[in-house]
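Geometric and topological summary
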Amino acid sequence: MTGTAAGQPRRLKSKISSSGVTYIEWRNPFMVAWWSAAFPGFGHYLLGQYLRATFLTLAEVLMNTLARVNEALVYSCSGNFRLAAEIVDPRWAYGYMLVYLLAMWDSYRSALQNNKLVQLAELENTRISPFFIGKSEIHYLEKKSPLKAAIFSFGFPGMGQMYNHRIGLAAYAMTWWFIYISLSNFYIAALELVYGNIAYSTQLLRPHWLLFMPSVIGGSIYHAFITSLEHNRLFRIEQVQYFRERYGRPTLKLFSKTG
Amino acid sequence: MIGTFIQNTELELALSVLEHHGVPAEHIAVVPMHGREMTQASVSAKTGTVNEKAFEIGIACATALGVVGTSVGFTLELGPLMWGVIFSFGGMLAAFLIARTVMGRRQRSMIGRVRRKRSNAQPEITVLVQCESERAEWVSQMMLKYNALSVGEMEEA
């Protein structure tokens, strides 16, 4: 949407396309910064900036792996500071740190600007489109259950995004979850845990890949939960817009003027 | 006829069916029950129930503690998986309960601005339909069929 000529919308509140519903919504800047800290890129996902968020998540996995940050984190948490210092690769660690901090900063800064634009978009109140039908996808606004979305993502990160019609992000998150599960030996170790072989289970686990998982599952649950809350809000706004158009000029006679 | 609804797709179905069967759009009035706090966008952005906000904070804390628990667990007896899960759920529960208590108390102390706890059954839309008395029963049935919360009749004066 580039045109801002008279009559054309200047700031859209949301757009529905083959990728799902993309929208601008009020964000707590600290929450956005926090999710960037949990996993660089997650803060940008919350702002609807899907491409740069995906780029940042790729950078995080790549540079964390090369710099061996997760292993260092495990050593640090268990008091093994000498080992932690030894394992980190300085060729990658500084770059990792800079990207990590700047991603946090950028998401926080964007959230502040985002919140101003939300107010402008809401005051402009352009018509929200509730329905999309294309060659290979159908998307629509509907009343959703935030709890169901959270449970979907808890079961398998990405499924909550599927529930919310964000198919690109859903496929991306599910692919990575498969990779984390297999490279960390998560399921095999969990199985050994059930059999009671605790020490063997711990031995099987690979800390580097395991440590990505809490952030990913947490971020996925959070994203699914608030996205469905906000879809509900978009649904309500759109429906009121429609009712105002269609039933805005009733000729009802509620009270007779006699007497 | 007067019906109260919550906002969902069934409500649109109800109105479309009424129109399809010959009730003119001018004889239908739809009133969003959002008060006058927002004139443009009808639902305020920053409001959410206390439970919704507490859940968000809970998930954020669960994630942070999940990473810590997993890391620490490598040297503890039960192993990283168990400690990761224990830390996550513990953190989630603690943060949720603390946030709910704090926000609940703050909300209650805001005299005059207390928002009622939003339950699903609270009406969000009131629909008024003017029709002949012979059709009143049919209109009422249609409203109830499409999930009206309550339906009432107002006789012509």
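Residues numbered from 1 in each chain as written. Chains lettered and ligands numbered in written order. Predicted model: local features only at pLDDT ≥ 70, side-chain atom pairs only at ≥ 80, totals over all residues.

**Observations regarding the overall build of chain B**
For clarity, the threshold we go by: Counting from the N terminus, the helices are DSSP H or I runs at least four residues long and the strands are E runs at least two residues long. A residue is called partly exposed when the number of other C-beta atoms within 10 Å of its own lies between 12 and 20, exposed at 12 or fewer, and buried at 20 or more, with C-beta atoms placed from the backbone. What counts as a contact here is a pair of residues whose C-beta atoms, placed from the backbone, lie within 7 Å.
Helices and strands together make up the secondary structure of chain B, namely 4 helices and 4 strands. In chain B, the succession of α and β elements from N to C terminus is β-α-β-α-α-β-α-β. For chain B, the proportion of its 157 residues judged to be buried stands at 34%. A fraction of 71% describes how many contacts in chain B between residues 6 or more apart in sequence connect residues 24 or more apart.

**Digging into the UniProt feature "transmembrane region" (unreviewed entry) in chain A**
This is how the line gets drawn: UniProt positions are given in the numbering used here, feature names are shortened, and annotations may be inferred rather than shown by experiment.
UniProt tags residues 169–189 and 209–229 of chain A as "transmembrane region" (unreviewed entry). With 90% helix and 0% strand, residues 209–229 of chain A has its two end C-alpha atoms placed 31 Å apart.

**Brief notes about the interface of chain B and chain A**
Defined as follows: In this classification, Asp, Glu, Lys and Arg are treated as charged, Ala, Val, Leu, Ile, Met, Phe, Trp, Tyr, Cys and Pro as nonpolar, and every other residue, Gly included, as polar.
At the junction of the two partners, chain B supplies 44 residues and chain A supplies 50 residues. Those elements giving two or more residues to the side of chain B that touches chain A turn out to be α1 (9–20), β2 (28–32), α2 (50–73) and α3 (79–109) of chain B. The class makeup of the residues in the side of chain B that touches chain A is 22 nonpolar, 16 polar and 6 charged.

**Structural notes on unusual backbone geometry**
All names here are of chain A. The backbone of His165 shows a phi angle near 65°, a positive value even though the residue is not glycine. Within the secondary structure layout, His165 lies in the loop between α8 (159–163) and α9 (167–184). One non-glycine residue with positive phi stands out, namely Asn185, at about 60°. Summarising the element assignment, Asn185 is placed in the loop between α9 and α10 (186–195). Accessibility expressed as a C-beta count within 10 Å gives 18 for Asn185, which makes it partly exposed.

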